[in-house]
Amino acid sequence: AQSVSQHNHHVILSEAASLELGCNYSYGGTVNLFWYVQYPGQHLQLLLKYFSGDPLVKGIKGFEAEFIKSKFSFNLRKPSVQWSDTAEYFCAVGKAAGNKLTFGGGTRVLVKP
Amino acid sequence: SAVISQKPSRDICQRGTSLTIQCQVDSQVTMMFWYRQQPGQSLTLIATANQGSEATYESGFVIDKFPISRPNLTFSTLTVSNMSPEDSSIYLCSVDGLTQLNTEAFFGQGTRLTVV
């Protein structure tokens, strides 16, 4: 069975700092990769996704992620965070067919103003 | 994109009772999914609900505990049966992308269940 690991459970940083959240998965076949965000009190929203093509994916709100196939990784980055980026971030992996997703454990990010 | 409505948004239930959660989508979708997010944890897939056939359950989840209905392409229900405090979680409905090229999953706002 596939698994998804997020390296950090909690991250605290100041505004304007850079953010990188690690995500590794175990499935060896073709995968679709996602980062979702859950702001306090809100539902899951898609930040970005990778299906194929350019391994550097740009999403909403200045986020980007890089797929490195050899490392089974899909790390999320943002060069300069804002207080409004305080949220929980989930990496998710789906097999090529359908959207049966396996989620990582999530990373709670707190951005101090 | 898909708009997904879940009812109820939250509930507090007595142990031993059952709660049925409804999921309504504004478009016809082939596959609907039910996830659970236990306190402080990530999302875990409970089952896949397909219209016209029985739901497919993931390891650790059984139909007697989590019966699912899928009467049409826009609606599904998940029942949490004979509840115990360990069932206190957020339950989320999700649907597959609406086009062949779009495999993004969309999520409802979730149902926050507390069992006392």
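This write-up is about the structure you can find in this document. Note that the structure is predicted; figures quoted are calculated from it, not measured. (Residues numbered from 1 in each chain as written. Chains lettered and ligands numbered in written order. Predicted model: local features only at pLDDT ≥ 70, side-chain atom pairs only at ≥ 80, totals over all residues. Heavy atoms only, no water.)

Moving on: the overall build of chain A. Across its full length, chain A holds zero helices and 12 strands. Along the chain direction, N to C, the helices and strands of chain A fall in the order β-β-β-β-β-β-β-β-β-β-β-β. What you see for chain A is a C-alpha radius of gyration of 13 Å, in line with the 13 Å of a compact globule of 113 residues. Taken along the three principal axes of its C-alpha coordinates, chain A extends 40 × 25 × 20 Å. Taking all 113 residues of chain A together, the buried fraction comes to 48%. Summarising the internal contacts of chain A: among those between residues at least 6 apart in sequence, 56% fall at separations of at least 24. Working note: accessible area of chain A is about 5400 Å², and carbon and sulfur atoms make up 53% of it. (Helix = DSSP H or I, 4+ residues; strand = E, 2+ residues; numbered from the N terminus. Rg over C-alpha atoms; globule rule 2.2 N^0.38 Å. Buried < 20%, exposed > 50% of the residue type's maximum accessible area, 1.4 Å probe, protein only. Contact = heavy atoms within 4.5 Å. Areas by Shrake-Rupley, 256 points an atom, 1.4 Å probe, with all protein chains shown as cover.)

Moving on to the pairing of strand β4 (residues 31–37) of chain B. Residue and element names in this part refer to chain B. For β4, the tally of buried residues reaches six of seven residues, placing the bulk of the element in the interior. Examined bridge by bridge, β4 and strand β5 (residues 43–50) share seven bridges and lie antiparallel to one another. Looking across to β5, one finds that M32 is bridged to A49. Here β4 runs beside strand β9 (residues 89–95); their pairing, made up of six bridges, is antiparallel. Its bridge partner being in β9, Q37 is matched across the sheet by I90. (Pairing = 2+ DSSP bridges.)

All names here are of chain B. Taken in spatial order, the four strands of this open sheet run β1-β3-β8-β7, and their pairing is antiparallel. Looking at the sheet topology across the chains shown, the edges are occupied by β1 (4–7) and β7 (68–72). Each neighbouring strand pair of the sheet contributes to a mean axis angle of 15°, computed without reference to strand direction. With three bridges joining them, β7 and strand β8 (residues 75–80) adopt antiparallel strand pairing. (Axes fitted to C-alpha atoms, helices over the stretch in contact; angles between N-to-C directions.)

So, about the interface of chain A and chain B. Each partner contributes residues to the interface: chain A has 18 residues there, and chain B has 19 residues. A combined buried area of about 1500 Å² lies between chain A and chain B, and 54% of that area is made up of carbon and sulfur atoms. A salt bridge links K100 of chain A to E58 of chain B, with the nearest nitrogen and oxygen atoms 3.2 Å apart. Inspection of the region where chain A meets chain B yields five residue pairs in polar contact (both at pLDDT 80 or more). Secondary structure elements with two or more residues in the side of chain A that touches chain B: β5 (31–38), β6 (45–50) and β11 (101–103) of chain A. With four residues, β5 of chain A is the largest single contributor of residues to the side of chain A that touches chain B. Considered class by class, the residues forming the side of chain A that touches chain B number eight nonpolar, seven polar and three charged. (Buried area = accessible area lost by both parts, 1.4 Å probe. Salt bridge = Lys/Arg side-chain N within 4 Å of Asp/Glu carboxyl O. Polar contact = N/O pair within 3.5 Å; in protein donor to acceptor, adjacent residues only side chain to side chain. Nonpolar A, V, L, I, M, F, W, Y, C, P; charged D, E, K, R; others polar.)

Space inside the largest pocket adds up to approximately 580 Å³. Taken together, 28 residues form the lining of the largest pocket, with Q38 and G41 of chain A together with Q37, I90 and R112 of chain B sitting closest to its centre. Grouping the constituent residues of the lining of the largest pocket by class yields nine nonpolar, 15 polar and four charged. (1 Å grid on protein atoms, 1.4 Å probe; cavity = no way out; pocket = protein on both sides within 12 Å on 5 of 7 lines; lining within 4 Å. Points joined across faces, edges and corners; volume = space filled by probe spheres on them.)

Take the environment of I60 of chain A next. All names here are of chain A. Secondary-structure assignment places I60 in the loop between β7 (56–58) and β8 (64–68). A relative accessible area of 38% means that I60 is categorised as partly exposed. It is 12 Å that separates the C-alpha atoms of I60 and L76, two residues lying 16 residues apart in sequence. Contact partners of I60, with chain neighbours within four places excluded, come to L46 and L47.

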